[in-house]
Amino acid sequence: MSVDISRGGLLVTLAIFGVIVYEMRTVLDFVGVELPIIPYMAAVFVLAGASVWYITLRGGWRTEPERDEPA
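Conventions adopted
- Residues numbered from 1 in each chain as written.
- Predicted model: local features only at pLDDT ≥ 70, side-chain atom pairs only at ≥ 80, totals over all residues.
- Heavy atoms only, no water.
- Patch = residues over 30% accessible without salt bridge, like charges linked within 9 Å, V, L, I, M, F, W, Y side chains within 5 Å.
- Areas by Shrake-Rupley, 256 points an atom, 1.4 Å probe, with all protein chains shown as cover.
- Salt bridge = Lys/Arg side-chain N within 4 Å of Asp/Glu carboxyl O.
- Helix = DSSP H or I, 4+ residues; strand = E, 2+ residues; numbered from the N terminus.
- Buried < 20%, exposed > 50% of the residue type's maximum accessible area, 1.4 Å probe, protein only.
- UniProt positions renumbered as here; feature names shortened; annotations may be inferred.
- Expected span 1.5 Å × (residues − 1).
- Lys, Arg positive; Asp, Glu negative; His and termini not counted.
- Contact = heavy atoms within 4.5 Å.

Moving on to a nonpolar patch on the surface. Taken together, the side chains of Y22, I37, I38, M41 and F45 define a hydrophobic patch exposed on the protein surface, amounting to about 500 Å² of accessible area. The biggest single contributor to the nonpolar patch is helix α2 (residues 37-57), with 4 residues. Relative to the elements of secondary structure, Y22 occurs in helix α1 (residues 7-31). According to the relative accessible area criterion, Y22 is partly exposed, its value standing at 33%.

So, about the UniProt feature "transmembrane region" (unreviewed entry) in the protein chain. Those residues carrying the UniProt feature "transmembrane region" (unreviewed entry) are residues 7-25 and 37-57 in this numbering. Between the C-alpha atoms that bound residues 7-25 there is a distance of 27 Å. The span itself is 100% helix and 0% strand. Strand forms 0% of residues 37-57 and helix 100%; the C-alpha atoms that close the span are 30 Å apart.

Here we take up α2. For α2, built from 21 residues, the straight-helix expectation of 30 Å at 1.5 Å per residue is met to within 8% by its first-to-last C-alpha distance of 30 Å. Just past α2, the residue G59 takes up positive phi, approximately 130 degrees.

Turning our eyes to something else, we now look at the side chain of R25. Considering the arrangement of structural elements, one finds R25 in helix α1. Buried and unpaired, R25 has no salt bridge, with D29 as the nearest side chain of opposite charge at 5.8 Å. Leaving out residues up to four positions away in the same chain, R25 has contacts with L35, P36, I37 and Y40.

Rendered as structure tokens:
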């Protein structure tokens, strides 16, 4: 069974998620709760690695678009 996701879609999703989490960290820093950057960066790399591992485990990347059947 193949996961119907492209590499570009995964990378865009991870980038958006990373920016949202970083902005939450910035807001917490503004109100006085300081969080170090290293655990944040490690968590982003772990999330990316786990996502790639899951997709590889489920059957790999979608490499060719599905073709429409003629009517």
